[in-house]
Amino acid sequence: KEVENKLGGSMKFLLVLSFLVVPALSYAEKAGECLKLWKLEKELAESRKAAAMGGSSGATEKENIGGIAFIGKSFADMPPKDLRDLASDLQKQVGSGVVAVASSFEGKGSIIITVSDDLTAKTSAVELVKISAEILGAKGGGGKPNFAQTGGPNGDKTGEALDAIRKALAAG
């Protein structure tokens, strides 16, 4: 049960597959192996996040665009699922401001935008994500005024998407 609660859909598939493919191991051994794999994946995600946050210092430079603090970063080969925690951590660093994190992973582009609550009346994460969605070739995107995300087939255009967000913030 512990393993089942901790594993996502793909991990459940691997667990079931392992029961079918490797009958020599006991169920407990198989579950233990899957739990080890899950822990390794979690450690890898934490390592990626630490590297993205600037290593051990954790400091990330912020820009001032039209009086709004902004952090915009693009990462190659970072799974989209890792962007959410990264955006949240960067938003804590920036305080009042906007954070946009983008990734090109397996040829597809993803972007998450957060806006601090004190700025949502002036700047909406949903409006900013719509701008980036078009560039990434996405059919849409969405979320709430303080958090929005999108993804599309144009993973090579994450830098352009971040530049478009900068321009939108500068325009007010």
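This text goes with the structure placed above it.
Residues numbered from 1 in each chain as written. Predicted model: local features only at pLDDT ≥ 70, side-chain atom pairs only at ≥ 80, totals over all residues. Heavy atoms only, no water.

Visitor: Just checking my understanding: could you explain the overall build of the protein for this structure?
Guide: Helix and strand counts for the protein come out as 6 helices and 6 strands. When the helices and strands of the protein are read in sequence order from the N terminus, they spell out α-α-α-β-β-α-β-β-α-β-β-α. Counting the 172 residues in the protein, one finds 40% classified as buried. Summarising the internal contacts of the protein: among those between residues at least 6 apart in sequence, 56% fall at separations of at least 24. Total accessible area on the protein stands at roughly 9600 Å², and carbon and sulfur atoms take up 55% of it. (Helix = DSSP H or I, 4+ residues; strand = E, 2+ residues; numbered from the N terminus. Buried < 20%, exposed > 50% of the residue type's maximum accessible area, 1.4 Å probe, protein only. Contact = heavy atoms within 4.5 Å. Areas by Shrake-Rupley, 256 points an atom, 1.4 Å probe, with all protein chains shown as cover.)

Visitor: Is there a simple way to think about helix α4 (residues 83-94) in this case?
Guide: For the α-helix, the turn length of 3.6 residues means that residues three or four positions removed from each other point alike. Spanning 12 residues, α4 covers 16 Å between terminal C-alpha atoms, matching the ideal 16 Å at 1.5 Å per step. Listed as buried for α4 are Leu83, Leu86, Ala87, Leu90, Gln91 and Val94. The buried residues of α4 occupy an angular sector of 135 degrees when projected down its axis, which confines them to one face. Residue glycine 95 follows α4 closely and has a positive phi angle near 70 degrees. (Expected span 1.5 Å × (residues − 1). Arc of directions from axis to C-beta.)

Visitor: Which parts of the structure should I look at to understand the nonpolar core?
Guide: When a protein is soluble and globular, its nonpolar side chains tend to lie buried together. Grouped together as the largest cluster of nonpolar side chains are 20 residues, with contacts concentrated most on Phe70, Val98, Ile111, Ile113, Ile165 and Leu169. Those elements that provide at least two residues to this core are β2 (68-76), β3 (97-105), β4 (108-115), α5 (125-136) and α6 (158-171). Beyond its immediate chain neighbours, meaning those up to four positions away, isoleucine 111 contacts Val101, Ala102, Val129, Ser132, Leu136, Ala148, Gln149, Thr150, Ala161, Leu162 and Ile165. Among the nonpolar cores identified, the runner-up in size contains 13 residues, and Ile71, Met78, Ala87 and Val99 belong to it. (Core = buried A, V, L, I, M, F, W, Y, C linked by side-chain atoms within 4.5 Å.)

Visitor: I'm lost on the side chain of serine 103 in this one. Help?
Guide: If you trace the backbone, serine 103 turns up in strand β3. Under the relative-accessibility criterion, serine 103 is labelled buried at 1%. At a separation of 2.3 Å, a polar atom in the side chain of serine 103 contacts the main-chain carbonyl oxygen of methionine 78. Serine 103 has contacts with Phe75, Met78, Leu83, Lys108, Gly109, Ser110 and Thr158, leaving out every residue within four places of it along the chain. (Polar contact = N/O pair within 3.5 Å; in protein donor to acceptor, adjacent residues only side chain to side chain.)

Visitor: Mind showing me how you'd approach the pairing of β3 here?
Guide: Walk down a regular strand and you will see the side chains alternate between the two sheet faces. Taken across its 9 residues, β3 has 7 buried, putting it largely inside the fold. Relative to β4, β3 runs antiparallel, the two being bridged by 8 bridges. Bridging across to β4, valine 101 finds its partner in isoleucine 112. The hairpin turn running from β3 into β4, its antiparallel successor, is 2 residues long, and glutamate 106 in that turn takes a positive phi close to 55 degrees. (Pairing = 2+ DSSP bridges.)

Visitor: Explain the pairing of β4 to me, please; I cannot follow it from the model alone.
Guide: Burial analysis of β4 places 7 of its 8 residues in the buried class, which makes it a mostly covered element. Where β4 and strand β6 (residues 147-152) come together, 6 bridges link them in antiparallel fashion. Residue pairing in the sheet places serine 110 in a bridge with glycine 151 of β6.

Visitor: Please explain unusual backbone geometry as it appears in this structure.
Guide: Note on backbone geometry: most residues besides glycine have negative phi, and most peptide bonds are trans. Backbone geometry places aspartate 77, a non-glycine residue, at a positive phi of 60 degrees. In this structure aspartate 77 comes out as exposed when scored by relative accessible area, which is 54%. Non-glycine residue glutamate 106 carries a positive phi angle of around 55 degrees. Tracing the chain through its elements places glutamate 106 in the loop between β3 and β4.

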